[in-house]
Amino acid sequence: IYDITRDYCDRIFTDARRDEAIGRAFLTLLDRTAAQGPALRLLADQGFAPQGPYSVVQLQLSPETPADPVLRDWISGFLLPFPAFALLDQPNPWLVCRADGRDTVEQLVEALQTGLQARFPNRTASAGIGGQVASLDLLARSLEQAQAALRWGKSRAQSRASYDDMGFFRLLLE
């Protein structure tokens, strides 16, 4: 039993360190002044191809709590079967999704919102979906678009909004 428990704990810590490294790599890509080569190599080693398409989803959880480990674990577990990675260290987390089609990302977000509402009925989750980008090094643009879509959706009382649906309002951002 000791060996099984130790092996299980080792895997948990290894997964946590790997997820932390992946999260730091994604954050490096968002810093347009940082050297991105090492981050891209690390992500490629973890199965994130440099070429996309990718899309970023910005979540806004209400009520906002700095670090709810149960919620973070639930989101991480929910995303396991999907080609997505969640950066959950911020009060309003964001997801990097392999965007094999706009509908795929929107279906993922809808399923995530439905699951969150069922599991955490006292919380709401709004989402802004950024446009697709062709490679990981363009994620910053998709994140900016996701944040704009989230603000636009909130102003229209929508729980989910896509940058692609903003129409002429996108011109205000460019």
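Summarised in this report is the structure supplied together with it. (Residues numbered from 1 in each chain as written. Predicted model: local features only at pLDDT ≥ 70, side-chain atom pairs only at ≥ 80, totals over all residues. Heavy atoms only, no water.)

Each helix and strand in the protein was counted, giving 5 helices and 6 strands. Moving toward the C terminus, one meets the helices and strands of the protein in the order α-α-β-α-β-β-α-β-β-α-β. A total of 174 residues make up the protein; the buried ones form 41% of that total. Partitioning the contacts of the protein with sequence separation of at least 6, the portion at a separation of at least 24 is 68%. A total of about 9,900 Å² of accessible surface is found on the protein, and carbon and sulfur atoms cover 54% of it. (Helix = DSSP H or I, 4+ residues; strand = E, 2+ residues; numbered from the N terminus. Buried < 20%, exposed > 50% of the residue type's maximum accessible area, 1.4 Å probe, protein only. Contact = heavy atoms within 4.5 Å. Areas by Shrake-Rupley, 256 points an atom, 1.4 Å probe, with all protein chains shown as cover.)

On to the environment of tryptophan 94, then. Tracing the backbone shows tryptophan 94 in strand 3 (residues 94-98). The sequence separation of tryptophan 94 and glutamine 60 amounts to 34 residues, and the corresponding C-alpha distance is 8.7 Å. In this view, tryptophan 94 contacts Phe26, Leu27, Leu30, Val56, Val57, Gln58, Phe85, Ala86, Leu87 and Leu143; residues no more than four positions away in its chain are not counted.

Attention now moves to the packing of aromatic side chains. Applying the stated rule across the entire model yields 6 aromatic pairs. Geometrically, the ring pair formed by phenylalanine 48 and phenylalanine 85 is edge-to-face, given 6.4 Å between the ring centres and 85 degrees between the ring planes. Of this pair, phenylalanine 48 sits in the loop between helix 2 (37-45) and strand 1 (51-62) while phenylalanine 85 sits in strand 2 (residues 84-87), and the two are 37 residues apart along the sequence. In this structure, phenylalanine 48 and phenylalanine 85 share a single accessibility class: buried. Ring geometry for tryptophan 74 versus phenylalanine 78: centroids 5.3 Å apart, planes at 20 degrees, classification stacked. One end of the pair, tryptophan 74, and the other, phenylalanine 78, are both in helix 3 (residues 69-79), 4 residues apart, so they sit about a helical turn from each other. Taking relative accessible area as the criterion, phenylalanine 78 reaches 18% and is therefore assigned buried. (Phe/Tyr/Trp six-rings, centres within 6.5 Å; stacked < 30°, edge-to-face > 60°.)

Time to look at helix 5 (residues 139-155). Think of an α-helix as turning once every 3.6 residues; residues three or four places apart then point the same way. Here helix 5 is 17 residues long and its end C-alpha atoms lie 24 Å apart, about the 24 Å a rise of 1.5 Å per residue gives. Leu139, Ala140, Ser142, Leu143, Gln145, Ala146, Ala148, Ala149, Leu150, Trp152 and Gly153 are the residues of helix 5 that are buried. (Expected span 1.5 Å × (residues − 1).)

In this structure, the amide linkage connecting glycine 52 to the following residue, proline 53, adopts the cis form with an omega of 10 degrees. Turning to its location among the elements, proline 53 is positioned in strand 1. At alanine 157, a residue that is not glycine, the phi angle is positive and equals roughly 60 degrees. What makes alanine 157 exposed here is its relative accessible area of 73%.

This part covers a nonpolar patch on the surface. On the surface, Phe168, Phe169, Leu171 and Leu172 cluster together into a nonpolar patch covering about 480 Å² of accessible area. Relative to the assigned elements, leucine 172 resides in the segment after strand 6 (160-162). (Patch = residues over 30% accessible without salt bridge, like charges linked within 9 Å, V, L, I, M, F, W, Y side chains within 5 Å. Salt bridge = Lys/Arg side-chain N within 4 Å of Asp/Glu carboxyl O.)

This next bit is on the nonpolar core. Generally speaking, nonpolar side chains in soluble globular proteins are found buried as a group. Core analysis: the biggest nonpolar cluster contains 23 residues, and Val57, Ile75, Leu79, Leu95, Leu112 and Leu116 have the highest contact counts within it. For this core, the elements supplying multiple residues, two or more each, are strand 1, helix 3, strand 2, strand 3, helix 4 (102-119) and strand 4 (124-129). Apart from residues lying up to four places away in sequence, leucine 95 is in contact with Ser55, Val56, Val57, Leu59, Leu79, Phe85, Ala86 and Leu112. (Core = buried A, V, L, I, M, F, W, Y, C linked by side-chain atoms within 4.5 Å.)

Moving on: the pairing of strand 1. Taken together, the 2 bridges between strand 1 and strand 5 (residues 133-135) define a ladder with antiparallel strand orientation. In the sheet register, glutamine 51 faces strand 5, and the bridge partner there is serine 135. Across 5 bridges, the pairing between strand 1 and strand 3 is antiparallel. Across the sheet, valine 56 pairs through a bridge with valine 96, a residue of strand 3. As paired strands, strand 1 and strand 4 are joined by 6 bridges and run antiparallel to one another. Looking across to strand 4, one finds that valine 57 is bridged to isoleucine 129. (Pairing = 2+ DSSP bridges.)

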